[in-house]
Amino acid sequence: MRPSSRVIASTLGLTLTLTACGGQNSSLPSMLSSNNGGPMESSVRTATPGKPLVSIPKLYGDLAYTDAGRRAATAPVRVSLTLRYNHQAELDRVVATISDPHSSGHRQFLTAKEFNDRFAPTEVQEKQVVHALERAGFTIEERYPNRTIVDATARTSTVEKFFATEIHTVHQGKHGDRYTNVTSATVPSSIAPLVRDVSLSNLVVVRTVTDQSGVEGQRSAPQFQADGQGRAIIPLGGILPQDSSGKLVNGNFATGSLSPGWINESTTRGNYVQVTTAQAYESTYSAFMGTLSPPEINGWAAIAQEVTVPSGGVLSFWVYQGSNEGQLGYGTKYAWQAGYLLNARGSILNTFYKTVNNTNGWVNYQVNLSAYAGQNDYIYFGCYGDGYSQTYVYQYVDDVAWLGATPSPSPTPTAAPTATPTAAPTATPTAKPTATPTAGPTATPTAQPTATPTASPTPSSGCNNASPDSGPLTNSSGTLATGVAKPFDFPVQHGCNGAGYTAAIAIDDPVNTSYLATYLSAAGVTQTGTVTNEAVDGGGSGDDAETDLDVQTISGLAPGANIIVYDMGSLTDQAIEDTYNKVLTDGKATAVNSSFGGCESSDVPFADSTNSIAEQGAAEGVEFSASSGDSGSNECNGSKGVSAPAGGPYFSSIGGIDFTDTSGGVLETVTMGNVDGDSGGGGVSTVFALPSYQSGIAGMITSGRNQPDISLPFDPVAVYTDGAFGDYLGTSWSSPASVALFIETDQLHATKIGWMNPTLYSLFKSTGYNSYYTPCTSGSNGAYSCSATQYNQAAGIGAPKGWALANAL
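Procedures and definitions
- Residues numbered from 1 in each chain as written.
- Predicted model: local features only at pLDDT ≥ 70, side-chain atom pairs only at ≥ 80, totals over all residues.
- Heavy atoms only, no water.
- Helix = DSSP H or I, 4+ residues; strand = E, 2+ residues; numbered from the N terminus.
- Buried < 20%, exposed > 50% of the residue type's maximum accessible area, 1.4 Å probe, protein only.
- Contact = heavy atoms within 4.5 Å.
- Areas by Shrake-Rupley, 256 points an atom, 1.4 Å probe, with all protein chains shown as cover.
- Disulfide = S-S within 2.5 Å.
- Core = buried A, V, L, I, M, F, W, Y, C linked by side-chain atoms within 4.5 Å.
- Pairing = 2+ DSSP bridges.
- Expected span 1.5 Å × (residues − 1).
- Salt bridge = Lys/Arg side-chain N within 4 Å of Asp/Glu carboxyl O.
- Phe/Tyr/Trp six-rings, centres within 6.5 Å; stacked < 30°, edge-to-face > 60°.

Draft legend 1. The overall build of the protein chain, seen in detail. Along the protein chain, the regular secondary structure elements total 13 helices and 40 strands. Within the protein chain, the fraction of its 809 residues that count as buried is 61%. Across the protein chain, every contact between residues at least 6 apart in sequence was considered, and the portion connecting residues at least 24 apart equals 80%. Entry remark: accessible area of the protein chain is about 27,500 Å², with carbon and sulfur atoms responsible for 49%.

Shown next, in the form of structure tokens:
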């Protein structure tokens, strides 16, 4: 009896016959024209029929390995074969139609059964591969309902004979002894037409792209560059005058922000500067810099303003200071509070004070600067620290103003004419990434970043009127959930918390839910979604910071969403591919996070296989986000290169940016920072061709797929892990933040949105930076610089205006 079939023309607006029982209808018409979505997203170096991709992994940096010799003949080796889809060209066109916002078939996703019946390898094809392996002496370890991957094990000698290669044991640094093929391999001709990619190693091929700040151990006194006159130079990041008259403005910070007038000039990772109400001399606000308790800042936390020094200029200001450096006998050797007058180069013209005071009360300084009358110089207040774990330094600054009288040239602090000093501050200072913006292109004016975009469509009934994130923006370790949700206007601030939808996290270790509870309490977020661990390939054995970062980010920004942590034990290519495939065959998640990456050209089969699986996700309405990397434009051992799996055209590549905001959480600036050599990854692929959705966009490098697509905050994020809060950074933070945004978008529209790259770029093409994105205005990731007017390989399109973009998707 012939299997029954049905036509799903109503689903895609196409003639597409699907057969039941896993069969394939060879006479099915291919009537999907190539103009439905532009050219298919093909590889530059793709597996061709009869020639699957099998490479020798070439890994760098902390993933590099050394050869330990031929592997014992009887030692086991696990292999993984990713099978080829049927009707690949047609699948490319179907996905293009589904993802085209202008198509009548837009977001009419295939079910898993519909995909398997038409495009997955048939049962006969899968069995042909399985039987070939079994006849050669392999044991089948894993098969999947979508028949996409076959995992098997055999003795080393069997693997070498079957694939005509040589397997060696290798030492891979902290990852221990592993194995890989060290010569080229081939797939037997009997199954080669059915196989797309092959892995013959258990090497760790990607790294989690997160890092922790802080300095421990031996302290050393800082060394500053000097100018030609022997004056110390304080680093300035290209500060801009805020008042064309050169007047000192906003000296009492009455606006509740640094602007107008002041610019954040911090160099410390995490840049602990805030305009706050925790302490103020006479009015409401003051500027805070530093940390109230250990660990100390690592670098400068500072503010500056360009002024024209007036004739007879006497500068008056009030400071409220605290530190334990003096109590411990260190003096100003390693850390201090300071006030300076600097020239444009940063040379110190006048030192107002350099102290490690612990006054816990307001003190007034009056400094005669009349010798500099008529000059355009910079008033600078800051705290410097070396990141030591046992010390702290901070100060508040207020009521900065010019006086008419001229005091003694030597500044002498006088006691504040106030009552008993107030208690030590208890409010937590903001820890914001605030790389100083420089002038961007000015030919085309761009809209200023705003917290609430204009003209958002009325939301659908999908939202559940959930409470917005309203906890503290930061703690002493970094940014908390509300510190992202507010400035980037996430849908949770409008009643969409992701309820009813599920996010998947692909990572090596399971999550510690007690750590999550501590984080959410500190962040002031109430979670209603569930969090579960799901082991893949044996699973992981313990919690780690990366898992905590991923889960805490998504649960903090989308507290109604369910989260499944697919823990795979080790970030090998086989484990990652198995994890992605299990996410699809489980059929629970609508968005998948991958906070890891490695040099794309190091392991082309891995890049190709993961992109192929993500295409299946695109067909079924599952979005894949991945970190673009933390090595800027040099992802490949200090050389130009991009990250995999983020570079796959069916992944959303998520870059990293720095930002500043007001004490109320209103976005001020978006820039590209560089923290100890780390910055958001980006560049152009040598593996994947330029996808159609990136074609015709100013700023694109047309030789290949460009990264990133969009960017979200990079540094610093507060993570509760290993029993304490720590300060972390990286696109490991931006990627799960994007998943939270996309999950909330699903809820807003009361349906899964799926792979959205074509829509992201379509909106950018039509509106630029007017409605849905905030540009990165300054800074670079090495080879590529931000642009206020067009796409760039540093920050991609830019940072999403969450609520407006969610409504438009």
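Draft legend 2. Examining helix 12 (residues 757-767) more closely. Where burial is concerned, most of helix 12 is hidden: nine out of the eleven residues are buried. Those residues of helix 12 not exposed but buried are Asn757, Pro758, Thr759, Leu760, Tyr761, Ser762, Leu763, Phe764 and Thr767. As for helix 12, its buried residues are in contact with helix 2 (88-99), strand 32 (652-661), strand 36 (710-713), strand 39 (773-774) and helix 13 (802-808). Phi turns positive one or two residues past the end of helix 12, at glycine 768, with a value near 60°.

Draft legend 3. Quick peek at the environment of isoleucine 743. As for its position among the elements, isoleucine 743 is in helix 11 (residues 731-749). Sequence-wise, isoleucine 743 and alanine 503 are 240 residues apart; in three dimensions their C-alpha atoms are separated by 7.0 Å. The contact partners of isoleucine 743, leaving out residues within four places of it in the chain, are Gly498, Tyr501, Thr502, Ala503, Ala561, Thr590 and Ala591.

Draft legend 4. Fine view of the state of the cysteines. The tally for this structure, following the rule as stated, stands at three disulfides. Note on cysteine connectivity: cysteine 599 is disulfide-linked to cysteine 636, with sulfurs 2.0 Å apart. Looking along the S-S bond of the cysteine 599-cysteine 636 disulfide, the torsion reads about 90°, which is the right-handed sense. In this pair, cysteine 599 is assigned in strand 29 (residues 596-599) and cysteine 636 in the loop between strand 30 (623-627) and strand 31 (643-644), connecting sequence segments 37 residues apart. Accessibility classification places cysteine 599 together with cysteine 636 in one group, the buried group. A disulfide bridge connects cysteine 776 with cysteine 786, and the sulfur atoms are separated by 2.1 Å. With the S-S bond torsion at 70°, the cross-link from cysteine 776 to cysteine 786 turns out right-handed. Of this pair, cysteine 776 sits in the loop between strand 39 and strand 40 (799-800) while cysteine 786 is found in the loop between strand 39 and strand 40, placing the two residues ten residues apart along the sequence.

Draft legend 5. Focus on the nonpolar core. Within the largest apolar cluster, 125 residues are counted, with the highest numbers of intra-cluster contacts made by Phe488, Phe490, Tyr580 and Tyr773. Not counting the four nearest positions on each side in its chain, phenylalanine 488 is found in contact with Ile657, Phe659, Leu667, Leu712, Pro713, Ala799, Pro800, Lys801 and Gly802. Formed by 33 residues, the second largest nonpolar core is a distinct cluster that contains Leu258, Ile303, Ala335 and Phe381.

Draft legend 6. Layout of the sheet that holds strand 10 (residues 207-208). Strand order in this open sheet of three strands is 10-29-31, and the pairing throughout is antiparallel. Unpaired on one side and paired on the other, strand 10 and strand 31 mark the two borders of the sheet. Where strand 29 and strand 31 come together, two bridges link them in antiparallel fashion. From the neighbouring strand, glycine 598 faces strand 31, where its bridge partner is alanine 644.

Draft legend 7. Geometry of the sheet that holds strand 20 (residues 376-386). Here we have five strands laid out as an open sheet, ordered 12-15-20-17-18, and antiparallel in their pairing. Strands with a single pairing partner mark the edges of an open sheet, and in this sheet they are strand 12 (263-264) and strand 18 (348-355). In this sheet, strand 18 lies alongside strand 17 (residues 336-342) in antiparallel orientation, the contact comprising six bridges. When the sheet's bridge partners are listed, leucine 342 is paired in strand 18 with isoleucine 348.

Draft legend 8. Spatial organisation of helix 10 (residues 604-620). Given a rise of 1.5 Å per residue, 17 residues ought to cover 24 Å, and the 25 Å separating the end C-alpha atoms of helix 10 matches this to within 8%. Within helix 10, 17 of the 17 residues are buried, which leaves it mostly tucked inside the rest of the structure. Once helix 10 ends, the next one or two residues include glycine 621, with phi positive near 90°.

Draft legend 9. How the structure looks around the pattern of salt bridges. If you walk through the whole model with that rule in mind, you get 13 salt bridges. Residue glutamate 166 is joined to arginine 70 by a salt bridge in which the shortest nitrogen-to-oxygen separation is 3.4 Å. Pair noted here: glutamate 166 is in the loop between helix 5 (156-163) and strand 7 (167-171) and arginine 70 is in strand 3 (residues 66-70), with a separation of 96 residues, a long-range link. A salt bridge links glutamate 126 to arginine 143; the nearest nitrogen and oxygen atoms lie 3.1 Å apart. Here the residue glutamate 126 occupies a position in helix 4 (residues 123-136), and arginine 143 occupies one in strand 5 (residues 139-143), the gap between them amounting to 17 residues. Each of Arg78, Asp151, Asp537 and Asp578 takes part in one network of salt bridges that share partners.

Draft legend 10. Quick look at the packing of aromatic side chains. By the definition in use, this model includes 40 aromatic pairs. Centroid distance phenylalanine 317 to tyrosine 365: 5.5 Å. Interplanar angle 10°. Geometry classified as stacked. Of this pair, phenylalanine 317 sits in strand 16 (residues 314-323) while tyrosine 365 sits in strand 19 (residues 362-368), and the two are 48 residues apart along the sequence. Given the relative accessible area of 4%, tyrosine 365 is considered buried. Ring geometry for tyrosine 320 and tyrosine 396: centres 5.5 Å apart, planes at 80°, overall edge-to-face.

Draft legend 11. Inspection of unusual backbone geometry at higher detail. The residue after serine 259, namely proline 260, is reached through a cis peptide bond having omega 0°. Relative to the helices and strands, proline 260 is located in the loop between strand 11 (211-212) and strand 12. In the segment running from glutamine 707 into proline 708, the intervening peptide bond is cis, with an omega of -5°. Its location among the elements puts proline 708 in the loop between strand 35 (706-707) and strand 36. Notably, asparagine 465 is not glycine yet its phi reads approximately 55°, a positive angle. Inspection of the secondary structure assignment puts asparagine 465 in the loop between strand 22 (414-415) and strand 23 (474-475).

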